[in-house]
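Fold and geometry: a report
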Amino acid sequence: MPKLLVDNKEIEVKEGTTLLQACLDNGIYIPNLCYLESMDDPSASCRMCFVEIEGEEKPITSCTVTVKDDMVVKTDTLSVRRLHRTAFRLLLSVHHVDCKNCHVNKKCELQRIAKYLEVGLKPKHLEQHLKEPDIDQDHPFLDYYPNRCVLCGKCIHICRKKHGQSVLTFAKRGFDTVISSYGKNDVSSLACEKCVVCVDICPVGALILKEAQE
Amino acid sequence: MSPADNEKLDQVFSAIREEAEKRRKAFREAPVPKIHIGMATCGIASGALETKKAFEETLAERNIEALIHPVGCIGHCYAEPVVIIDHPDSGFPPIFYHEVTAGKAKMLVKLFLEEGDPRFEHILGATVENDLIPSVMEFSRFNQEKRVVMEKCGYIDPEDIYDYIAEGGYSMLVKVLQLTPDKIIKEVRNSGLRGRGGAGFPTGKKWELAMHAEGQIKIVICNADEGDPGAYMDRTILESNPHQVLEGMAICAYAVGANKAVVYIRAEYPLAVKIVTKAIQQAKELGLLGKGILSSTFDLEIDVFRGSGAFVCGEETALIRSIEGYRGMPRHRPPYPVEKGLWGHPTVINNVKTLASVPPILENGATWFRGIGTENSPGTAIFSVVGNVVHAGLVEIPMGVTLRTLIFDICGGILNKKKFRAVQIGGPSGGCLPADLLDTPIDFDSLTEAGAMMGSGGMVVMDEDTCMVDVARYFLDFTQKESCGKCTFCRIGTHHLLRILERLTKGEGQDKDLEQLESLSEDIKTGSLCGLGKTAPNPALTSLKYFRDEYEAHVKEKRCPALMCRSLIAYYFDLDLCARGCDACATCCPVEAVFTTSNRKKGVDQELCVKCGECMVACPPEYDAVRKVSPSNLVPVVERAPEKK
Amino acid sequence: MNQELTTEEQAALKNIAAKLSTFERQRGNLIPVLQMIQEEIAYLPPETLKMVAEHLGIFECEVYGVATFYNQFRFRPPGKHPIKVCLGTACHVRAGDIILENFERKLEISEGETTPDREFSIERVACVGCCAMAPVAIIGETVHGQMAPSKVEGLLMRIEIEKEMEEREKQKNESGR
């Protein structure tokens, strides 16, 4: 079993574990939004879980690194923190911060990260850019809030994992990317109203059962 | 393969080669004039189809026999449509004609083909040295080029495989089929060839990795998803000499042990798709592709895959996703495609120019190739030099030539005697270099050091009327639209960069904007997932580095020094110069912003003006009365515009 | 997005269904299939996304997710004369955006839209590779180089005149019968 040194703490983990998972399992928190242990190929899209590894020139996302024996890792250097904070502020700049009206208030991953990084939820440095409309009600049972969503893709992953195929997808591109549930027939085949794995996995409350809101 | 097999291989191919030579001989020795017309996309866009039709019709009308030979592009876009007329009976050598419109074509048939007068005023030059007409080789646009990849472009018919074979084409494939893969790879390695897609990874090394990669099935992909705005080298090569690329692919496939290959071509290149598809078909018919190539045991199927319009698909992992039928979003590397690529199989992805370099390298040897260019960047570079430059087009030069030589000597300098401002290299991933870096040699490392990058070879020359802030804004607008949206830094970060730059060009910038532009750019560079995001801030960073004063003028004075940012400029008429009664500007104004003053001169209604500059173009040069100023409040108010009803 | 299909389009759908069956049921065929449909009918009506999903055995949302990713795919019918204005670097430096604006102003639609009579649509495209002729606009299949704002009006007028002539010709033929 590989032994590694993270922030001067020695940890021992199973071979083949990702560095992020190894840290999380050993009580070392690294901010992350898009990672799930069940993903074979982590998407590394949220760009939050940067760490510094001795011998590597630049900070690297810990979800894409497999642990090696004698790895020396730092999770809180200046350059790592700077990336954490910038990525987080960028995400907040497109997030409609309205915690007290949000059903995941106090359970939200963004609140947790804000506290951890000591960054205020209201962005000071960047202008806010929100999408129109604020809510997508196309899905028969779910409402989707694009201005809460961080596009981590966990909902798509978990739906596919459970049902073989996902009724959710990324749609459009670039800044306009959203989660979409296009195609009514497929949705009805899965009985979404009874499943809600996607709602449960969402780290930021971007998906919610319609009836839960009433 | 055994010696007997080799002999058979040679036999099969020499039959094909003989046929090709027979055809070429028949064409060359036909006792009639030959008219070679450049028919690639830029030629067609300039009217080559009409030119060809005019030749055909006039020849028929006047009952003159001549052979029309459609060829690809020779790269001299400024002179399109380009025609070479070989009229031996006239006593003249083959002649290059430039800008041959349909009218000129008719005239040339009558005066040159019929009456023997070559019409010197339309001649670019003779194709060979002679005593009658200056040869094109006397111009630096021709003689400073070194054609390796594009040697045959513009001289052969891309839709006729025999044309290529007669020029020695496919003989390198025949040669390598008799060698062991490691010999081929060694030769490519020794040549020092680096990937021409932009990053400059050693090609031989990539092939070697793929050869050793584990897997029964291996794949070769030719990346022709040329997306940089302002770059069209790959398209021209595919449209002008597709077989050289196919031959390069076949050699690569044989070397790494692949039996399947894909040419990934951008959707915006329909002609290239057509020509490559046809080329594959022709090669298959002759047994140069497909099952048991030239009776050997080597099989190779090449398919064409059309991209669907996503710049990010030029990134290799995104390209793979898109062939697999998914959203073209890049994934984290490693694993690299040479280990795990298309459908999970080891995959070599090479750029068009890289693959097209392979047959000449094998033909002339690694040492020859190393003799061209520089120590670390051997060979040639192909640039599409466009923008405010006199002789725009494709130029193939040895690596190491300086930017100054390329722009001022080879390409004739800046249009309309304007001053040079900057040269943008490497497209949205590259940067703008100023005049004092013009002596930078063109090679992978020097350009990167200067803050630009080789990129795939787009070069846009900008004159003094180009605003560097606006150029940065333009590129960020591009990358922002083309970002796949997967990762945070690129998706949201480039959006903010663009917004800041937009504010600057509108005169709404603040002091802290420049600082934020810099720091955010740095973070996007380190934080982004793929090459698109990592390089997206380069246009902003380099222009900020080299043209900071321009940025500051936009912020502090609300002034655009190049008089380009439309929110910061205003047009007016110099009434001392404006001619009474002249209406040239008023008739061309698309928004009726030009009004007649009480003394029958002109004024601009600033409320209506959209600042398109048409009046400036329309104003007759003898008056030259239209002026631009920045900031816009400097515009003198002579008379108010009449109230519109 | 839900527009009534014209009779021509309905015929095209039948054609598409026939062609669809020639494609193997493989995920890798998704993009070629969408390209085929767009070649037949010039855009991707919702009906076609459903057909593709059924044929390839994947969810409609997968098809939608892929189709919305790529610039090439349209979800609205383009005009009879689609106008593409190139905004590649060379065109930008030579004021391609002013050309785009002129088309927008003359046709009273924005980029990405189609005129109500479905005659014209405007798109911006990123470099068509004719940089030496910048600025460039493409109407239908024809590339027009060295564009100028004043040329915009001329080109549109030419199309109008051609259309009128065609109609007159048609009338003549009909009355001649």
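Residues numbered from 1 in each chain as written. Chains lettered and ligands numbered in written order. Predicted model: local features only at pLDDT ≥ 70, side-chain atom pairs only at ≥ 80, totals over all residues. Heavy atoms only, no water.

1. Notes on the overall build of chain B
Assigned secondary structure in chain B consists of 25 helices and 18 strands. In summary, chain B has a C-alpha radius of gyration of 27 Å against a globular reference of 26 Å for 645 residues, a match within 12%. When its C-alpha atoms are laid out on the principal axes, chain B stretches across 95 × 70 × 45 Å. When burial is assessed residue by residue, chain B has 62% of its 645 residues classed as buried. Restricting to contacts in chain B with at least 6 residues of sequence separation, those with at least 24 account for 71%. Working note: accessible area of chain B is about 24100 Å², and carbon and sulfur atoms make up 49% of it. Separation between the mean location of the 74 positive side-chain charges and that of the 87 negative ones in chain B comes to 4 Å. (Helix = DSSP H or I, 4+ residues; strand = E, 2+ residues; numbered from the N terminus. Rg over C-alpha atoms; globule rule 2.2 N^0.38 Å. Buried < 20%, exposed > 50% of the residue type's maximum accessible area, 1.4 Å probe, protein only. Contact = heavy atoms within 4.5 Å. Areas by Shrake-Rupley, 256 points an atom, 1.4 Å probe, with all protein chains shown as cover. Lys, Arg positive; Asp, Glu negative; His and termini not counted. Charge placed at Lys NZ, Arg CZ, Asp CG, Glu CD.)

2. With respect to the interface of chain A and chain C
The partner chain C presents 16 residues to the 18 residues of chain A that form the contact. Across the interface of chain A and chain C, roughly 1400 Å² is buried in total on both sides, 54% from carbon and sulfur atoms. When the buried area of chain A at its contact with chain C is split by residue, Gln165, Arg173 and Tyr182 of chain A rank highest and sum to 48% of it. Arginine 160 of chain A is the salt-bridge partner of glutamate 62 of chain C, the closest N and O atoms lying 3.3 Å from each other. Here chain A and chain C share 7 residue pairs in polar contact (both at pLDDT 80 or more) between them. Listed by contribution, the elements that provide at least two residues to the side of chain A that touches chain C are strand S7 (169–171) and helix H5 (184–190) of chain A. Of all the elements, H5 of chain A adds the most residues to the side of chain A that touches chain C, at 4 residues. Residue composition of the side of chain A that touches chain C, by class: 6 nonpolar, 8 polar and 4 charged. (Buried area = accessible area lost by both parts, 1.4 Å probe. Salt bridge = Lys/Arg side-chain N within 4 Å of Asp/Glu carboxyl O. Polar contact = N/O pair within 3.5 Å; in protein donor to acceptor, adjacent residues only side chain to side chain. Nonpolar A, V, L, I, M, F, W, Y, C, P; charged D, E, K, R; others polar.)

3. Brief notes about the pattern of salt bridges
Throughout the structure, instances matching the rule amount to 53 salt bridges over all chains. Lysine 291 of chain B serves as the salt-bridge partner of aspartate 299 of chain B, at 3.1 Å between the closest nitrogen and oxygen. One continuous salt-bridge network, built from bridges that share partners, spans Glu127 of chain A together with Arg503 and Asp513 of chain B.

4. Quick look at the environment of aspartate 40 of chain A
Residue and element names in this part refer to chain A. Here aspartate 40 shows up in the loop between helix H1 (19–25) and strand S3 (50–53). Classification of aspartate 40 by relative accessible area gives exposed; the value is 78%. Between the C-alpha atom of aspartate 40 and that of histidine 163, which follows or precedes it by 123 residues, the distance is 17 Å.

5. Details of a nonpolar patch on the surface
Together, Met157, Ile161 and Met165 of chain C line one region of the surface with nonpolar side chains, adding up to about 300 Å² of accessible area. Within the element layout of this structure, methionine 165 of chain C appears in helix H7 (residues 149–176). (Patch = residues over 30% accessible without salt bridge, like charges linked within 9 Å, V, L, I, M, F, W, Y side chains within 5 Å.)

6. Observations regarding the interface of chain B and chain C
With 57 residues of chain B at the contact, the number on the chain C side is 42 residues. Counting each side, the surface lost to burial between chain B and chain C is near 3700 Å², with a carbon and sulfur contribution of 56%. The largest per-residue losses of area from chain B upon contact with chain C belong to Arg306, Ser308 and Tyr474 of chain B, which jointly make up 16% of the total buried on that side. Measuring nitrogen to oxygen at the nearest pair gives 2.7 Å for the salt bridge that ties glutamate 39 of chain C to arginine 306 of chain B. Going through the elements one at a time, helix H2 (41–45), strand S8 (301–306), helix H13 (316–324), strand S10 (380–387), strand S14 (458–463) and helix H18 (468–482) of chain B are the ones with two or more residues in the side of chain B that touches chain C. The greatest single-element share of the side of chain B that touches chain C, amounting to 8 residues, is contributed by H18 of chain B. Its residues placed into classes, the side of chain B that touches chain C shows 31 nonpolar, 12 polar and 14 charged.

7. Describing the sheet that holds strand S5 (residues 72–74) of chain A
Residue and element names in this part refer to chain A. Judged by pairing direction, the sheet is mixed, and its 5 strands sit side by side in the order S2-S1-S5-S3-S4 without closing on themselves. The open sheet is flanked by strand S2 (9–12) and strand S4 (60–61), the only strands paired with a single partner. As paired strands, S3 and S5 are joined by 2 bridges and run antiparallel to one another. The residue bridging isoleucine 53 from the neighbouring strand is valine 73, located in S5. In this fold helix H2 (residues 78–93) packs onto S3 and S5, with an angle of close to 165 degrees to the strand it touches most, S3. (Pairing = 2+ DSSP bridges. Axes fitted to C-alpha atoms, helices over the stretch in contact; angles between N-to-C directions.)

8. Description of the domain arrangement of chain B
How big an interface is tends to be expressed through the accessible area that disappears when the partners come together. Residue and element names in this part refer to chain B. Taken as a whole, chain B is organised into domain 1 (31–138), domain 2 (161–367), domain 3 (380–466), domain 4 (469–557) and domain 5 (569–634). Here the C-alpha centre of domain 2 lies 34 Å away from the C-alpha centre of domain 1. Both faces combined, the contact of domain 1 with domain 2 buries some 560 Å², and carbon together with sulfur accounts for 54% of it. At the junction of domain 1 and domain 2, the tally comes to 3 residue pairs in polar contact (both at pLDDT 80 or more). With 3 residues, the top contributor of residues to the side of domain 1 that touches domain 2 is H2. Considered class by class, the residues forming the side of domain 1 that touches domain 2 number 6 nonpolar, 3 polar and no charged. (Domains from an automatic or database assignment.)

9. A closer look at helix H4 (residues 154–163) of chain A
Within the span of H4 of chain A, buried status applies to Lys154, Cys155, Ile156, His157, Ile158 and Cys159 of chain A. Of the surrounding secondary structure, the elements contacted by the buried residues of H4 of chain A are S7, strand S8 (178–180), H5, helix H7 (197–201) and strand S9 (207–209) of chain A.

10. Details of the packing of helix H19 (residues 488–505) of chain B against helix H20 (residues 511–527) of chain B
All names here are of chain B. It is at 10 Å that the axes of H19 and H20 come closest, and there the two elements cross at 155 degrees. By the angle class used here, H19 and H20 are roughly antiparallel. Considering only the axes of H19 and H20, their crossing is left-handed. Side by side, H19 and H20 meet where Phe489, Gly493, Thr494, His496, Leu497, Ile500, Leu501, Arg503 and Leu504 of the first sit next to Asp513, Leu514, Gln516, Leu517, Leu520, Ser521, Asp523, Ile524 and Gly527 of the second. (Parallel < 35°, antiparallel > 145°, perpendicular 65-115°, else oblique. Left-handed = near helix turned anticlockwise from the far one by under 90°.)

11. Brief notes about the pairing of strand S1 (residues 34–38) of chain B
All names here are of chain B. In terms of residue burial, S1 counts as a mostly covered element, since 5 of its 5 residues are buried. Taking every second residue as pointing to the same face, both faces of S1 are buried, with Lys34, His36 and Gly38 on one and Ile35 and Ile37 on the other. Where S1 meets strand S2 (residues 67–71), 5 bridges bridge the pair, whose relative direction is parallel. Residue isoleucine 35 lies in a different strand from S2, and its bridge partner there is isoleucine 68. Bridging between S1 and strand S3 (residues 83–86) involves 4 bridges; their strand directions are antiparallel. When the sheet's bridge partners are listed, lysine 34 is paired in S3 with aspartate 86.

12. Some thoughts on a negative patch on the surface
Taken together, the side chains of Glu10, Glu12, Glu15, Asp69 and Asp70 of chain A present a region of like negative charge at the surface. Its location among the elements puts glutamate 10 of chain A in strand S2.

13. Observations concerning the domain arrangement of chain A
All names here are of chain A. When the domains of chain A are assigned, the result is domain 1 (1–129) and domain 2 (142–213). Computed over C-alpha atoms, the centres of domain 1 and domain 2 are 23 Å apart. At the interface, 21 residues of domain 1 touch 15 residues of domain 2. Summed over both partners, the interface of domain 1 with domain 2 comes to about 1500 Å²; 64% of that surface belongs to carbon and sulfur atoms. Among the residues of domain 1 in contact with domain 2, Leu33, Leu36 and His103 are the three that bury the most area, contributing 31% of the side total. Where domain 1 meets domain 2, there are 0 salt bridges. The interface formed by domain 1 and domain 2 holds 5 residue pairs in polar contact (both at pLDDT 80 or more) in total. The residue inventory of the side of domain 1 that touches domain 2, partitioned by class, reads 11 nonpolar, 8 polar and 2 charged.

14. Some words on the pairing of S10 of chain B
Residues and elements named next belong to chain B. Within S10, 8 of the 8 residues are buried, which leaves it mostly tucked inside the rest of the structure. Neither face of S10 is exposed, since Thr380, Ile382, Ser384 and Val386 on one face and Ala381, Phe383, Val385 and Gly387 on the opposite face are all buried. Here 6 bridges tie S10 to strand S11 (residues 393–398), and the two strands are oriented antiparallel to one another. Within S11, the residue paired with valine 385 across the bridge is glycine 393. Counting the residues between successive antiparallel strands, the hairpin from S10 to S11 contains 5 residues. Sheet topology note: the S10/S14 ladder contains 4 bridges and is parallel. Its bridge partner being in S14, valine 386 is matched across the sheet by valine 460.

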